[in-house]
Amino acid sequence: MEATGRCLFSAHICCVIVCQCVQPVCAELVSVPVPPHCCQSVYEAAPEPPPRTATAGLPACLPRPPSVPGAAGMTDNIPLQPVRRPKRHDSKNRNGCCPWSRCCGMGDFRPRTVWLGHPEKREQRYPRNVINNQKYNFFTFLPAVLFNQFKYFFNLYFLLLACSQFVNELRLGALYTYWVPLGVVLLITITREAVEEIRCYLRDKENQRVPADMIFLRTSERNGSCFLRTDQLDGETDWKLRLPVACTQRLPTAADLLQIRSYVYAEEPNIDIHNFIGTFTREDGDPPVNESLSIENTLWASTVVASGTVVGVVIYTGKELRSVMNTSNPRNKVGLFDLEVNCLTKILFGALVVVSLVMVALQHFAGRWYLQILRFLLLLSHIVPISLRVNLDMGKMVFSWMIKKDSKIPGTVVRASTIPEQLGRISYLLTDKTGTLTQNEMVFRRLHLGTVAYGMDSMDEVQSHVFSAYTQPTHDLPTSRAPAATKVRKTISSRVHEAVKAIALVHNVTPVYEANGVTDQAEAEQHYEDTCRVYQASSPDEVSLVQWTESVGLTLVGRDQSSMQLRTPTGQILNFTILQIFPFTYESKRMGIIVRDESTGEITFYMKGADVVMAGIVQYNDWLEEECGNMAREGLRVLVVSKKSLTEEQYQDFEARYVQAKLSVHDRSLKVATVIESLEMEMELLCLTGVEDQLQADVRPTLEILRNAGMKVWMLTGDKLETATCTAKNAHLITRNQDIHIFRPVTTRGEAHLELNAFRRKHDCALVISGDSLEVCLKYYEYEFMELACQCPAVVCCRCAPTQKAQIVRLLQERTGKLTCAVGDGGNDVSMIQEADCGVGVEGKEGKQASLAADFSVTQFKHLGRLLMVHGRNSYKRSAALSQFVIHRSLCISTMQVEGCVVICFTHYSTIYTMFPVFSLVLDKDVKSEVAMLYPELYKDLLKGRPLSFKTFLIWVLISIYQGSIIMYGALLLFDSEFVHIVAISFTSLILTELLMVALTIQTWHWLIIVAELLSLACYIASLVFLHEFIDVYFITTVSFLWKVTVITLVSCLPLYILKYLRRRFSPPSYSKLTS
């Protein structure tokens, strides 16, 4: 059994894994011997230490596993008909290790019972815990790469052309003239794919996180819990609190886990990373113990243990892992531009066939006419130039090099050098939130008490009020002991103190002490050293609130599962017993805590939550709704804080009902919520808090640029609805005067039907929808929902699973036919990035997994603007000009061949002489980069695909036929008496015409373009000495040769110059005014 970076588990054993968070940075899985009688494997993991800040994710390299695959017009009454969804043909089977996985016992996913210490009781076989994200293996690599290249007509044509030269009757020239260009292109492609496969293999072996999905059994932490970092799973850098099974945590040692008679029942594997249903049963107890298991008892694979040592029992492995099921298959991306060129190649080939048939028909199909057709096909094969593929591939390499060397976007990496021109035609931009648009660093901005508000510039007043509350001798008297206390109008100082105290208590934050080189950990924890303390929490919002209370004088210094300690400005330690805690959930949108003040015995129920739910819980007031709206418009996350004092009798009655509800087997969640709601009545409103999630640098102007460029921006995040909405407003993804439609939670087809009808009646409003509701809509009304969503100026999808992100990208591609770009920075964004036409990874706090999986990697979101507006636009326009010019050159030569039967070798010579000027088109640009950034509307013109269209292609074909005919017939009319003079005149005119056409096409001259023009002309003149077999060297020095070549060249080029001038004069392009 292997214990290197990835754990290999055989398919028939259950495993107990020990994961430990210790100080060394490098993690390694070390096998720990276990008694031979139990077929289990114990692993001890030493992952990276927790970062210095509680909300910062730690860089880690995760593999990219495969994923689970998951029309009528819209009317007021949507027909309740299920959507027929096409089958998705993935290259990897989801139900097991192979297409025949049913024979391996790994067919449909099923629930399972996992016994501790008794693997012989297993009911089914499970997949091996091997993560393999490579597209090929040793045997399929070369065949698969070659197949992906030659499945397109463009490449297949050149292969057949090269192979035909092995037939003596069809050979027209040296073999190397056909095979060398094709071989160079294939060598570059194979090398690129091999490098990517090696990188993928190394990433698979470097997985240093929790190796499998487990149930949390016990921990070494004194408080009986641990924190996980789930950044690569759900994109959130917050630390998640996890609790062990209670009865196993009470065991004396971890070895006792294998001595008890117990088992875990787990639901069937699924992609939901936020929920879990299971039970833990111990049969040898007296009485038997049966505990329910939820998401708080799980340790999903690809997460990081942030504190202590944890022991868990494996329930899912291999392809059944949540992380694997939420990741898509990597795919080979072929650019839309390449597909368009492939289509033009088919048209050219069709023209080639027609011309060949006409040539044979003119000979009345005499003799072996079928062989003559093949010879004409080969003779005129340069109608479809092989130099086109070479020039385009070399051009893409130049474009990629320009992107990497751009000093204004430092650190940008191009990992897919085959699709840089895709960046110039993006219609939909789909972006992650946490770490991509935001820094995930929360800053406390506002405290509002109704009659008075405190901002960042007045926090010293809050600090003064808190200090006075603990220095006045009357502060020890609890207000609740006085019967008339609630009737007396409280002073501002007491109100501020109560608000700060409530904020310091109602949270799930745990202070952790670390050695700092001067003080060791034990001493720091004993004396509550401020310099050694960091905060762990499941939300960065809570960390920012606790840090703020520390800044104003009330510091959280200690916490475990049952108690909490606060330090006052005078240094006094206040002890509180945690009686109950009600964590935040997406459904409840609030969290609460019941604490007892050890010094007074007072029991208080504190609660904070979103204003939409807290408005019906707190006592009536006339300012809550208005102030919440004002703070939300400023882009702040608003929380409403309240409290309620309880007597001992009230609490005991509540506790009895609460315990009874938790023991219910049926409708447990509903009964528990009902009991809690009995307390949530007439609570005293204390304050509002406003926290800002700081945006990345220049996010707002970048989004503005992208919108003006004609892109629609969708934000797909795993975060909460309120958080996502606030960020969208703060980043101006949703403008201040724009209406927002928040899609109500729906679970059935009927509810989705009604909500879609309600949404349809709104116009020009942004859409905010949760992942659960999105799943229901796509299940029953995929077409209708996508039709409505695509009409929205902005869409925010919250609580999105990684596979949902990829599904949305895929649906946009299928429904609109437009190009998509996905931007993310975490492991949960990999599926979306790989599914999009262009994937951009941002190197951030969540590691480099998204960056490594992306086609392009940037260091900041703001660099996306220049990447698209400048490099994307230039790459597309240059590729279009280059491809059309290469086709033009080949068509000119082919026209001369047909009309005058020019010697075939001149085809290669003309390509050599004009290679550098034609290729120098990759340096051309119509406007400066500063103008392209200043006027993003120029980008919008490219979305219609006009630089390379059938219209422009036809224009260039006509130009080619015109110029080829002028050159050929001009030489025939003006020659004296010898055929060699025709060759000299026509070939020289052809070279000069090509050089002048490059000059005609250039928009902005670059010194290298001038060098290329002069160098090509000089090379041609110098090489005339070696072409004495075809050109009369003495004739080309005469005045007769010079004036004839000049006349032919002017006739072929001057009309085009005149037409270009007239077009710019009467129908100027959009950029002409900007350049002038």
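Residues numbered from 1 in each chain as written. Predicted model: local features only at pLDDT ≥ 70, side-chain atom pairs only at ≥ 80, totals over all residues. Heavy atoms only, no water.

1. Describing the environment of Lys135
The cut-off we apply is this: In this text, helices come from DSSP runs of H or I with a minimum length of four residues, and strands from runs of E with a minimum of two, each type numbered from the N-terminal end.
In this structure, Lys135 sits in the loop between strand E4 (112–116) and helix H1 (141–150). Measuring from C-alpha to C-alpha, the distance between Lys135 and Cys200 comes to 9.0 Å, with 65 residues separating the pair along the chain.

2. Things to note about helix H8 (residues 369–379)
Rules: Working definition: with a 1.4 Å probe on protein chains only, accessible area under 20% of the residue-type maximum means buried, over 50% means exposed, and in between means partly exposed. Should any heavy atoms of two residues lie within 4.5 Å, those residues are counted as being in contact.
Within H8, burial applies to Leu371, Ile373, Phe376, Leu377 and Leu378. The inward-facing, buried residues of H8 contact helix H2 (153–164) and helix H7 (336–362).

3. Concerning the environment of Val1045
Residue position: Val1045 is located in helix H33 (residues 1039–1066). Residue classification places Val1045 among the buried positions, given a relative accessible area of 4%. The spacing of Val1045 and Leu990 is 55 residues in sequence and 9.3 Å in space, taken between C-alpha atoms. Residues in contact with Val1045, not counting those within four places in the same chain, are Ile985, Thr988, Ser989 and Leu992.

4. Notes on the pattern of salt bridges
What counts is decided by this rule: Salt bridge, as used here: a side-chain nitrogen of Lys or Arg that lies within 4 Å of a carboxyl oxygen of Asp or Glu.
What the rule picks out here adds up to 31 salt bridges. For Asp284, the salt bridge identified is with Arg282, shortest N-O distance 2.7 Å. When salt bridges that share partners are traced, they join Lys433, Asp541, Arg637 and Asp693 into one network.

5. Quick notes on the packing of aromatic side chains
Which entries qualify depends on this criterion: The pairing test for Phe, Tyr and Trp rings, Trp by its six-membered ring, is centres within 6.5 Å, and the orientation test on the planes gives stacked under 30 degrees, edge-to-face over 60, and tilted for anything in between. We call a charge positioned over a ring when the NZ of a Lys or the CZ of an Arg lies within 6 Å of the ring centre and within 35 degrees of the ring normal.
Summed over all chains, the structure comprises 21 aromatic pairs. Taking the centre distance of 6.5 Å and the plane angle of 90° together, the rings of Phe743 and Phe785 count as edge-to-face. Residue Phe743 is found in the loop between strand E28 (739–742) and helix H20 (749–760), and its partner Phe785 is found in helix H22 (residues 782–789); the two are separated by 42 residues along the sequence. Classification of Phe743 as buried rests on a relative accessible area of 2%. Overall, Phe785 belongs to the buried group, its relative accessible area being 2%. Cation over ring: Arg1065 sits above Phe1066, and NZ or CZ is 5.6 Å from the ring centre.

6. What about the sheet that holds strand E9 (residues 278–282)?
Keep this limit in mind: Only when DSSP finds a minimum of two bridges between them are two strands counted as paired. A fitted line through C-alpha atoms serves as each axis, taken over the contacting stretch for helices, and the angle formed by two N-to-C directions is quoted from 0 to 180°.
Taken in spatial order, the four strands make up an open sheet running E4-E8-E9-E10, and their pairing is antiparallel. If you trace the sheet from one side to the other, it starts and ends with E4 and strand E10 (289–293), each paired once. On average, each strand axis in the sheet is tilted by 20° relative to the strand beside it, whichever way the strands run. Bridging between E9 and E10 involves five bridges; their strand directions are antiparallel. When the bridges of E10 are listed, Thr281 appears paired with Asn290.

Geometric values such as these leave the question of function open.
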